[in-house]
Amino acid sequence: MMSEDQANLSFDIKTAKAADLKTVKLSKFKFVHYIAGGLGSTGVFLANTGEGWVVFKQVGTRSGGEILASYLGTELGVRCPDYRIHEGDNQSELVMALKFAKAATEQERVILRNARIQAVIAMSFIEGFTLPACGMKVLKESSAPTLFRQFGEMSVLDLITNNFDRIPFVWSNQGNLENLMIRGNVMEDDGNLSAVSIDQGTTCITHEKGEAEYREKIVAGIKEAYGDVDVTGRTFKRFKMSFENNTGYEFTQADCENYFMGIRYGCDRLKKKMEEDPDFVFHQIQKTIDFLTPLEGTGFQCGLGLLNGDFIQKNVEAIIQTSNEAEK
C-alpha cells in the first residue's frame, strides 16, 4: 500500500481531485508535477495543495487572449477553467515555492529549478481526460451526441476569437484535440460526460486583407453549419482526418450533424447574449484587463495590447448576420 508521502509525490489523472480555486492557499503545496506543452507552449505545473490539485501556467503574451476567450466562452455557456492571481500579487513568493517544491523525478526537479518563470496564473484543475486519451472509447458511446454538440458550441467561440488550435472548422490544419477535455467517468458509459474547453487563444488579425479573408471563412462556415452535411466536402474530410489522427475514432455523418447542431445552438446563445448586452465583447475585454492589470503593471507582458475589440466584435456581427440569413 502506498504511503502518504508516496501518494503526495504522485499524480494519477484517474483519481486526482480539484482544489477549490477560490479558497485554496496557492503558495502551499506538497508536490508539483510538470506537463510539457506542444509547439510554442511553456507547459503547465500541476500542484498538489493538500486540498486538491491546482494548475499553474506561466504568464506570457498569450495570457490575455486565453483569459479573454475563457471569459467569452463562459458567458456563452461553454465550460472553461476559472483563473486566479496569487494573493497580494506576490509573484516572487509563488514562483520560488514552485521552483523548490517536491517533484517526483530528477527531470522535473531540473525543469522546476531552471525554468525562467517570472509570474504564473492559477487555473482550476479539470477532472477528466483530454479527448485523444479517451476519444476512441467515449465517442462511440451514449454521450457522443452531446459531446459533438458541445464541440460545435466551442467552435462558435473559436470563430469569435480566431482560435485555430482546436477543431479545424474553417482553418486549414489538422486541429489539436488535446485542447478538448472530457469531464466525467470515462470508464463507464453513463451518458453523463461533458466537454471542457481548455488552452483557448485569441488571434486578432491586423492586416486589412487578412481580416477580410478570415471574415469570409466565418460566413462560409456558418452557412455550411445551417445546411446538410456534405460527406464529400473539404470540411467533413478535414474533420474526419483530425478525429482519426488525434483519437483513432472514425468520424461519421451523424457526428457532423450533431456538431453543426451545436454551432447553431452556439449562434442562438450568441444572439441572445448580444441582445441582452450589445457591448458584451468589450465588457469581457475590460474584465480581462482588470484581472491582468496587477501583473501588467509590474512589468509582466500579458498580451493585453494584442487584444483588438473591433476585430472580435466584427466576427460576432458576421456570425449573427450569417446565422439570421441562413434561418430565413
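Keep in mind that what you see is a predicted model, and the values were worked out from it rather than measured.

Observations concerning the overall build of the protein chain
Then step 1. Across its full length, the protein chain carries 11 helices and 8 strands.
Then step 2. A compact globule built from 328 residues would reach a C-alpha radius of gyration of about 20 Å, and the protein chain, at 20 Å, matches this within 12%.
Then step 3. Each principal axis of the C-alpha distribution contributes one length, and for the protein chain these read about 60 × 45 × 30 Å.
Then step 4. Counting the 328 residues in the protein chain, one finds 52% classified as buried.
Then step 5. Put simply, the protein chain shows about 15,500 Å² of open surface, and 50% of that area lies on carbon and sulfur atoms.
Then step 6. Measuring between centres, the 36 positive side-chain charges of the protein chain sit 3 Å from its 45 negative side-chain charges.

Here's the deal with the packing of aromatic side chains
Aromatic ring pairs are described here by two measures, namely the spacing of the ring centres and the angle between the planes.
Then step 1. Per the stated rule, a full pass over the model turns up 19 aromatic pairs.
Then step 2. Aromatic pair Phe-169 and Tyr-259: ring centres 5.8 Å apart, planes at 80 degrees, arrangement edge-to-face. Taken together, the residues Phe-169 in the loop between helix H6 (144-161) and strand S7 (180-183) and Tyr-259 in helix H9 (residues 253-276) connect sequence positions 90 residues apart. Each member of the pair, Phe-169 together with Tyr-259, is buried.
Then step 3. Through successive ring pairs, a cluster of aromatic residues spans Phe-148, Phe-151, Phe-169, Phe-236, Phe-239, Phe-243, Tyr-249, Phe-251, Tyr-259 and Phe-260.
Then step 4. Residue placement shows Lys-287 over the ring face of Tyr-71; its charged tip is 4.3 Å from the ring centre.

Here we look at the state of the cysteines
Then step 1. Scanning the entire structure with this criterion turns up 0 disulfides.
Then step 2. Cys-80 carries a free sulfur, and the closest cysteine sulfur to it, the one in Cys-204, is 17 Å from it.
Then step 3. Summary of cysteine pairing: Cys-267 is not part of a disulfide, and the nearest cysteine sulfur, belonging to Cys-256, is at 15 Å.

Here's the deal with unusual backbone geometry
Then step 1. Non-glycine residue Asn-162 carries a positive phi angle of around 55 degrees.
Then step 2. Inspection of the secondary structure assignment puts Asn-162 in the loop between H6 and S7.
Then step 3. Located in the positive-phi region is Asp-199, a residue other than glycine, with phi close to 50 degrees.
Then step 4. For Asp-199, a relative accessible area of 19% corresponds to the buried category.

Looking at the sheet that holds strand S8 (residues 194-197)
Then step 1. Pairing in this open sheet of 3 strands is antiparallel, and the strands run S6-S7-S8 from one edge to the other. The sheet is open, and its two edges are formed by strand S6 (128-130) and S8, each paired on a single side. This sheet shows a mean twist of 30 degrees between the axes of neighbouring strands, independent of strand direction.
Then step 2. In this structure, S7 lies alongside S8, joined through 4 bridges in antiparallel fashion. Looking across to S8, one finds that Ile-182 is bridged to Ala-195.
Then step 3. Running over the sheet, helix H5 (residues 131-138) touches S6 and S7 and is turned about 100 degrees from S6.
Then step 4. Where H6 meets the sheet, its contacts fall on S7 and S8, and the angle it forms with S8 comes to roughly 20 degrees.

Here's the deal with the environment of Leu-68
Then step 1. Relative to the assigned elements, Leu-68 resides in helix H2 (residues 63-75).
Then step 2. Not counting chain neighbours up to four residues away, the residues in contact with Leu-68 comprise Thr-202, Gln-284, Ile-285, Thr-288, Leu-307 and Ile-312.

Considerations on H6
For an α-helix, 3.6 residues make a turn, and residues three or four places apart therefore share a direction.
Then step 1. Helix length check: H6 (18 residues) gives 26 Å between terminal C-alpha atoms against 26 Å at 1.5 Å per residue, within 8%.
Then step 2. The buried count for H6 comes to 14 of 18 residues, which makes it a mostly enclosed element.
Then step 3. Positive backbone phi, approximately 55 degrees, marks Asn-162, located one or two places after H6.

Focus: the packing of H2 against H6
Then step 1. Running from N to C, H2 and H6 cross one another at 135 degrees; their axes reach a closest spacing of 10 Å. With respect to each other, H2 and H6 are oriented oblique. When you trace H2 past H6, the crossing you get is right-handed. Touching Ala-69, Leu-72 and Gly-73 of H2 are Leu-157, Ile-160 and Thr-161, all from H6.
Then step 2. Residues of the contact of H2 with H6, tallied by class, amount to 4 nonpolar, 2 polar and no charged.

Definitions and limits used
Residues numbered from 1 in each chain as written. Predicted model: local features only at pLDDT ≥ 70, side-chain atom pairs only at ≥ 80, totals over all residues. Heavy atoms only, no water. Helix = DSSP H or I, 4+ residues; strand = E, 2+ residues; numbered from the N terminus. Rg over C-alpha atoms; globule rule 2.2 N^0.38 Å. Buried < 20%, exposed > 50% of the residue type's maximum accessible area, 1.4 Å probe, protein only. Areas by Shrake-Rupley, 256 points an atom, 1.4 Å probe, with all protein chains shown as cover. Lys, Arg positive; Asp, Glu negative; His and termini not counted. Charge placed at Lys NZ, Arg CZ, Asp CG, Glu CD. Phe/Tyr/Trp six-rings, centres within 6.5 Å; stacked < 30°, edge-to-face > 60°. Lys NZ or Arg CZ within 6 Å of the ring centre and 35° of its normal. Disulfide = S-S within 2.5 Å. Pairing = 2+ DSSP bridges. Axes fitted to C-alpha atoms, helices over the stretch in contact; angles between N-to-C directions. Contact = heavy atoms within 4.5 Å. Expected span 1.5 Å × (residues − 1). Parallel < 35°, antiparallel > 145°, perpendicular 65-115°, else oblique. Left-handed = near helix turned anticlockwise from the far one by under 90°. Nonpolar A, V, L, I, M, F, W, Y, C, P; charged D, E, K, R; others polar.

By themselves, these figures tell us nothing about what the structure is for.
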